[in-house]
Number of protein chains: 2
Amino acid sequence: MVFTGWPAPTGKHLSLATPFPGDRPLLLSSGARLGPVQVAYETYGRLDDARGNAVFVCHALTGDSHPARHHADDTPGWWETMVGPGRPVDTRRYFVICANVVGGCAGTTGPWATGPDGAPYGEAFPEVTVADMVGVHRALLAGLGIRRLRAVVGGSLGGMQTLEWLLRHPQDADGFAVVAGTARQSADNLAWNAVARHAIRGSAAVAAGPVREAGLRAGLGTARMIAHLTYLSEQSLHRKFGRAPRKGGTRTHPSSLVQGDFAVESYLEHQADKFLRRFDPRSYLQLIGAMDHFDAFAAPDRLADAAAPPAVLLYSFASDRLFGPEHSDHIKTELAARGLTARHERDETSDIGHDAFLLDVPGFLATADRFLKDLDLRAGARRDDLVTS
Amino acid sequence: MVFTGWPAPTGKHLSLATPFPGDRPLLLSSGARLGPVQVAYETYGRLDDARGNAVFVCHALTGDSHPARHHADDTPGWWETMVGPGRPVDTRRYFVICANVVGGCAGTTGPWATGPDGAPYGEAFPEVTVADMVGVHRALLAGLGIRRLRAVVGGSLGGMQTLEWLLRHPQDADGFAVVAGTARQSADNLAWNAVARHAIRGSAAVAAGPVREAGLRAGLGTARMIAHLTYLSEQSLHRKFGRAPRKGGTRTHPSSLVQGDFAVESYLEHQADKFLRRFDPRSYLQLIGAMDHFDAFAAPDRLADAAAPPAVLLYSFASDRLFGPEHSDHIKTELAARGLTARHERDETSDIGHDAFLLDVPGFLATADRFLKDLDLRAGARRDDLVTS
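Just so it is clear, the model here is predicted, and its values are computed rather than measured. (Residues numbered from 1 in each chain as written. Chains lettered and ligands numbered in written order. Predicted model: local features only at pLDDT ≥ 70, side-chain atom pairs only at ≥ 80, totals over all residues. Heavy atoms only, no water.)

Q: Give me the packing of aromatic side chains: which residues, what numbers.
A: For any pair of aromatic rings, the description rests on two quantities: the centre-to-centre distance and the angle between the ring planes. Under the criterion given, the structure shown has 23 aromatic pairs over all chains. Note on Trp 79 of chain A and Phe 357 of chain A: the rings are 5.8 Å apart at their centroids and 85 degrees apart in plane angle, and the pair reads as edge-to-face. In this pair, Trp 79 of chain A is assigned in the loop between strand S5 (54-58) and strand S6 (83-84) and Phe 357 of chain A in the loop between strand S12 (343-347) and helix H9 (362-388), connecting sequence segments 278 residues apart. Across this residue pair, the class does not change: Trp 79 of chain A and Phe 357 of chain A are buried. Taken together, a centroid distance of 5.3 Å and an interplanar angle of 55 degrees make the contact between Tyr 315 of chain B and Phe 317 of chain B tilted. Just as Tyr 315 of chain B is buried, Phe 317 of chain B falls in that class too. Through successive ring pairs, a cluster of aromatic residues spans Trp 78, Trp 79 and Phe 357 of chain A. Geometry around Phe 275 of chain A places Arg 224 of chain A over its ring, the cationic atom sitting 4.5 Å from the centre. (Phe/Tyr/Trp six-rings, centres within 6.5 Å; stacked < 30°, edge-to-face > 60°. Helix = DSSP H or I, 4+ residues; strand = E, 2+ residues; numbered from the N terminus. Buried < 20%, exposed > 50% of the residue type's maximum accessible area, 1.4 Å probe, protein only. Lys NZ or Arg CZ within 6 Å of the ring centre and 35° of its normal.)

Q: Talk me through the pairing of strand S8 (residues 95-99) of chain A; I want residue IDs and the actual numbers.
A: Side chains on a regular strand alternate between the two faces of the sheet. Residues and elements named next belong to chain A. In terms of burial, S8 is a largely internal element, 5 of the 5 residues being buried. Where strand S4 (residues 39-44) and S8 come together, 4 bridges link them in antiparallel fashion. If you follow Tyr 44 over to S8, its bridge partner there is Val 96. As defined by bridge partners, S5 adjoins S8 across 4 bridges and the pair is classed as parallel. (Pairing = 2+ DSSP bridges.)

Q: Go over the pattern of salt bridges, please, and point to the residues and values.
A: All names here are of chain A. Within the structure shown, the criterion is met by 44 salt bridges over all chains. In this structure, Arg 282 and Glu 213 form a salt bridge, with 2.6 Å as the shortest nitrogen-oxygen distance. With a gap of 69 residues between them, Arg 282 in helix H7 (residues 281-293) and Glu 213 in helix H4 (residues 209-231) connect regions that are remote in the sequence. With a relative accessible area of 5%, Arg 282 lands in the buried category. Residue class for Glu 213 comes out partly exposed when judged on its relative accessible area of 26%. Here the salt bridges do not stand alone but share partners, grouping Asp 90, Arg 92, Arg 93, Arg 148, Arg 150, Asp 174, Asp 376 and Arg 382 into one network. (Salt bridge = Lys/Arg side-chain N within 4 Å of Asp/Glu carboxyl O.)

Q: For the side chain of Ser 156 of chain A, give the residues involved together with the corresponding values.
A: Of note, Ser 156 of chain A is situated in the loop between strand S9 (149-155) and helix H2 (157-168). If sequence neighbours within four positions are ignored, Ser 156 of chain A has contacts with Ala 60, Val 179, Ala 180, Gly 181, Leu 322, Phe 323, His 354 and Phe 357 of chain A. (Contact = heavy atoms within 4.5 Å.)

Q: Quick rundown of helix H2 (residues 157-168) of chain B? Include the residues and the values.
A: For H2 of chain B, built from 12 residues, the straight-helix expectation of 16 Å at 1.5 Å per residue is met to within 8% by its first-to-last C-alpha distance of 16 Å. Within the span of H2 of chain B, buried status applies to Leu 157, Gly 158, Gly 159, Met 160, Gln 161, Thr 162, Leu 163, Glu 164, Trp 165, Leu 166 and Leu 167 of chain B. (Expected span 1.5 Å × (residues − 1).)

Q: With reference to specific residues and values, describe the interface of chain A and chain B.
A: Residue-level contacts link 64 residues of chain A with 64 residues of chain B. Here chain A and chain B share 4 salt bridges between them. In this structure, Arg 197 of chain A engages Glu 265 of chain B in a salt bridge whose closest nitrogen and oxygen atoms are separated by 2.7 Å. The interface formed by chain A and chain B holds 14 residue pairs in polar contact (both at pLDDT 80 or more) in total. (Polar contact = N/O pair within 3.5 Å; in protein donor to acceptor, adjacent residues only side chain to side chain.)

Q: Account for helix H6 (residues 263-276) of chain B, naming residues and giving values.
A: Taking 1.5 Å of rise per residue, the 14 residues of H6 of chain B would be expected to cover 20 Å, and the 20 Å separating its terminal C-alpha atoms lies within 8% of that figure. Burial analysis of H6 of chain B places 10 of its 14 residues in the buried class, the great majority of the element. When we look at burial in H6 of chain B, the residues that qualify are Ala 263, Val 264, Glu 265, Tyr 267, Leu 268, Glu 269, Gln 271, Ala 272, Phe 275 and Leu 276 of chain B. Elements that come into contact with the buried residues of H6 of chain B comprise helix H3 (187-205) of chain A together with helix H4 (209-231), helix H5 (234-240) and helix H7 (281-293) of chain B.

Here it is in structure tokens:
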């Protein structure tokens with residue numbers, strides 16, 4: 001395996017699987033074939049003898065296979081509040097699996113990876129969809145010998161994967177928890193991704209070679225700043241930064257190419273810089289493209305095989321200006337029209353915005369905890385039924 | 001006068017004045033001197049014999065001296081709903097003046113203009129403030145022999161100029177109408193400008209020469225898209241575009257440098273392209289810098305000389321996600337603390353967002369019309385007083 005080009009994972013904590021036996025290529029939704037496909041994943045906890053305690057965690061746009069620290073890697077993960085010992089996705093109780101999505105840049109095959117001609121795919125990487133992401137997750141599970149999950153859990157783009165999974169393969173899990181998710185992006189959501197795309201493409205369009213690469217990365221920084229702002233509410237920006245000046249900064253000239261004058265600007269610049277160290281602009285274009293084209297209920301025949309309907313939790317945050325409660329309401333309505341009752345819990349306690357799902361919001365975490373424990377009870381009752389009958 | 005570099009006005013419809021007699025340089029708020037300063041302005045209607053019927057219109061971030069068509073130029077202006085025969089700022093009744101702001105790129109001295117060394121100022125143009133813009137407007141009025149205005153009217157950055165004018169020189173006009181304005185940008189406002197600044201600077205930082213110019217312009221396109229989205233509400237984007245595909249478009253590859261797939265994306269790209277034909281990235285950096293640093297009530301001694309307090313109208317739109325009603329509430333509170341009563345009218349009828357102030361919103365236009373006619377009545381009564389006493 002060769003990592004080339006943009007920030008590549010060190011690989012030291014990752015398990016790598018080639019989920020399609022015999023290096024069979026993956027048939028993508030677009031009709032293109034991609035392969036062989038390698039998947040970077042991490043697991044937590046122990047699979048029980050019945051292979052029935054697995055929980056799959058789907059990551060968001062810029063996530064990876066590392067939601068929480070574990071024995072082999074104590075780097076903090078992106079969902080420490082949700083995953084770990086004593087957390088709702090309790091690694092003492094569950095066998096937890098998290099995998100980098102196809103098209104990503106944290107170990108799973110994506111634009112960074114070496115293509116059939118020995119060079120990185122780069123922009124030649126075929127278009128992937130949310131359905132393709134779920135397809136690769138399922139192939140990984142098959143490779144691990146897991147036929148049924150206790151739950152699938154994901155927020156934001158992870159929530160979109162969870163919803164897609166529910167609609168295509170409702171029999172795969174006892175429960176699905178879609179957090180701060182959407183069934184399809186609004187015009188406003190599409191518009192912000194359009195600006196991000198323009199920033200990345202536009203910066204790159206003006207030059208070639210190393211200057212073009214630098215342009216792509218400059219654009220990716222801008223894209224990250226845009227995304228970051230959609231993840232936070234006006235109120236939380238006001239509370240955290242207000243109009244405070246940059247720490248230790250002096251006022252700069254408006255045309256200078258140095259840093260901006262305000263604390264909020266300094267914070268966003270720092271976020272952009274940090275992001276460039278770990279993300280690939282071509283992956284970013286792939287993943288926001290997948291988000292934009294996701295339209296969960298566009299196909300009419302979904303949920304056709306939901307003989308034993310799974311439990312569905314939709315969780316939203318009132319302060320979320322990306323995928324607010326109206327997105328979850330819409331999912332609930334569409335599911336109901338297909339005969340599936342979902343529970344929608346709307347958080348009014350956090351003013352953080354979209355990012356609340358990654359943070360310590362007690363009501364949210366308690367709801368997730370109860371949802372998973374209820375699934376355990378149902379699964380226990382089902383096993384008892386089998387034993388007594 | 002030489003226009004060099006970026007999109008320069010043709011100048012054919014503009015009056016040009018050098019408002020500082022004897023080419024005396026302008027002392028800027030920063031302490032720097034700029035000069036000579038030329039001002040591009042347009043006038044509408046006739047100044048009455050008492051020189052008492054003048055209304056000054058302040059333009060917003062990307063505006064110019066042409067709010068409406070007139071006898072010498074039938075190009076539609078940027079505020080046709082507000083300015084013209086039979087409009088609230090009635091050109092049959094008022095002598096209307098509008099001037100491009102200092103630092104701008106539509107005729108008034110800005111980064112595009114030739115500096116003392118014979119080359120365009122470019123990034124060496126000194127930092128300007130909202131106070132500097134008002135200072136140049138006032139110098140123009142002095143040059144035109146107008147000592148008192150019936151009203152100053154402006155929206156957005158024009159509203160910020162209007163507020164600054166009110167606080168520094170309340171005796172300059174009978175009334176001030178601040179539309180969709182703010183006394184100081186919020187953390188969220190600052191943050192979006194920070195992203196715009198990063199887009200422009202970042203694209204340019206990666207190269208030199210013509211590639212750098214192209215990068216500045218690519219970044220300016222991104223900045224325009226960001227700004228445009230803050231000018232529209234989620235609801236209006238949904239109503240106008242939803243998830244409709246680009247007209248006649250086919251789905252494109254996520255990494256390609258061609259246009260995006262959705263109607264809203266196509267619309268934003270079109271807005272960016274149009275903007276590049278008329279705006280200068282260095283002016284943009286100047287003007288958003290002036291917006292960011294504007295803090296109307298930071299100086300404690302404002303309004304000290306408001307012996308005969310002017311009438312003040314604050315108008316806001318509930319759907320405005322840039323400068324919503326809370327910004328006007330804040331202005332009203334701060335004015336009240338300084339002994340000046342302002343009226344704040346909040347529009348709930350338009351779902352357009354910030355841009356509503358430029359569009360045909362009947363309640364808004366009727367309010368502006370009434371405000372100006374009341375000023376006329378007050379001025380008439382004052383004249384009658386003078387005659388009878």
